[in-house]
Amino acid sequence: MTSEVVPYAEVIGDPIVQSKSPVMHRAWLEALDLAGDYRRTLVTAGELDGYLRERRADPNWRGCNVTIPHKQAVMPLLDRVDPVAAEIGAVNTVVNEGGVLIGHNTDAPGFLEPMRPWLAQRHLLRTARIFGTGGAARAVAHALWNEGFTLVIAGRDLAKAEALAAAFDRADVHVSTLDTFARPLDFDWGEPGDRLDVVVNATSLGMTGKPPLEIDFSNVPPGAIVYDAVYAPLETPLLREARRRGHPAIDGLNMLIGQGRIAFRHFFGAEPPTGPDQETVLRALLTA
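All values reported here derive from a predicted model rather than from experimental measurement.

Conventions used here
- Residues numbered from 1 in each chain as written.
- Predicted model: local features only at pLDDT ≥ 70, side-chain atom pairs only at ≥ 80, totals over all residues.
- Heavy atoms only, no water.
- Helix = DSSP H or I, 4+ residues; strand = E, 2+ residues; numbered from the N terminus.
- Rg over C-alpha atoms; globule rule 2.2 N^0.38 Å.
- Buried < 20%, exposed > 50% of the residue type's maximum accessible area, 1.4 Å probe, protein only.
- Contact = heavy atoms within 4.5 Å.
- Areas by Shrake-Rupley, 256 points an atom, 1.4 Å probe, with all protein chains shown as cover.
- Lys, Arg positive; Asp, Glu negative; His and termini not counted.
- Charge placed at Lys NZ, Arg CZ, Asp CG, Glu CD.
- Pairing = 2+ DSSP bridges.
- Axes fitted to C-alpha atoms, helices over the stretch in contact; angles between N-to-C directions.
- Polar contact = N/O pair within 3.5 Å; in protein donor to acceptor, adjacent residues only side chain to side chain.

### Observations concerning the overall build of the protein
What the protein contains, in helices and strands, is 10 helices and 12 strands. Its C-alpha atoms give the protein a radius of gyration of 19 Å, within 12% of the compact-globule value 19 Å for 288 residues. Once the C-alpha set of the protein is aligned to its principal axes, its extents read approximately 70 × 40 × 35 Å. Per-residue burial over the protein gives 48% buried out of 288 residues. Excluding contacts between residues fewer than 6 apart, the proportion of contacts in the protein whose partners are at least 24 apart in sequence is 66%. Accessible area of the protein: about 13,500 Å², with a carbon and sulfur share of 53%. Here the protein contributes 28 positive and 36 negative side-chain charges, whose respective centroids are spaced 2 Å apart.

Next up, the structure:
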């Protein structure tokens, strides 16, 4: 007797054991009673090309999510890259359409989802301080730029921050080294006024097994939203301190779930279940 053949997708990266994506996608498949599977697959840099060639020929493979360190390296190996992903310069979702591999970026719209209530309001000034220069930071920067934010991009390597900033009109983009934000800032921010500020950690700092992001909160404008893309642990030192100081705080599960919903539609052609009850159950599964 042969086992049932079902469509499947997966997440690839190196390392990959920390990924929660299989839990999320399998929960949606079960809730919708859809035949399918979602897996976690370790793919090293040297294996990436061979992995795609092998999967391309598998009619049951719907595609994959792409995480560190492949979001940029995967792009030249694809047949086509969606214009948004090309603009961002990073792919986190590969879709197999009859053997044609198409790259998308679902990080950018997924990142914005929990910020929609703030973005729906009008502001005289919007500023974003983005920590990181990798694939996630690229998606975050482009998402916020398109929402009218002036950007400050900070990286451990100033040259990488400069390279990311070069994709934008430099009149509204500034660069800095990450350690600048670890030093106290002698500046009177005044009242928040009619402005929207956001501080985003798009590095791996604060992740389980990694050192924390060093930041002095004198560099954070009053009332700024503090958003950490890290979701393991769910409450990073950055978010803990932000909440203690009264800042609105957004954890990394929001971005994971937001981008995952879009990827799920690409892979399985269905809308993941939504609503407060489903969200509560999903977050419980992802933090178990």
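### A word on the sheet that holds strand S10 (residues 195-201)
Pairing within the open sheet is parallel, and its 6 strands lie in the order S9-S8-S7-S10-S11-S12. In this open sheet, the two edge strands, each paired with only one partner strand, are strand S9 (173-177) and strand S12 (249-250). The pairing of strand S11 (residues 225-228) with S12 spans 2 bridges and is classified as parallel. The partner of Val 226 across the bridge, within S12, is Ala 249. On the sheet, helix H6 (residues 135-145) packs against strand S7 (125-131), strand S8 (150-155), S9 and S10 and is oriented at approximately 175° with respect to S7. Along the sheet face, helix H8 (residues 237-244) touches S10, S11 and S12 and points at about 160° away from the line of S11.

### Description of the side chain of Ser 19
Relative to the elements of secondary structure, Ser 19 occurs in the loop between strand S1 (8-13) and helix H1 (21-32). Using a relative accessible area of 6% as the deciding quantity, one classes Ser 19 as buried. Among the polar contacts listed, one links the side chain of Ser 19 to the backbone nitrogen of Ser 21, at a separation of 3.2 Å. Not counting residues within four places of it along the chain, the set of residues in contact with Ser 19 comprises Val 11, Arg 40 and Tyr 231.

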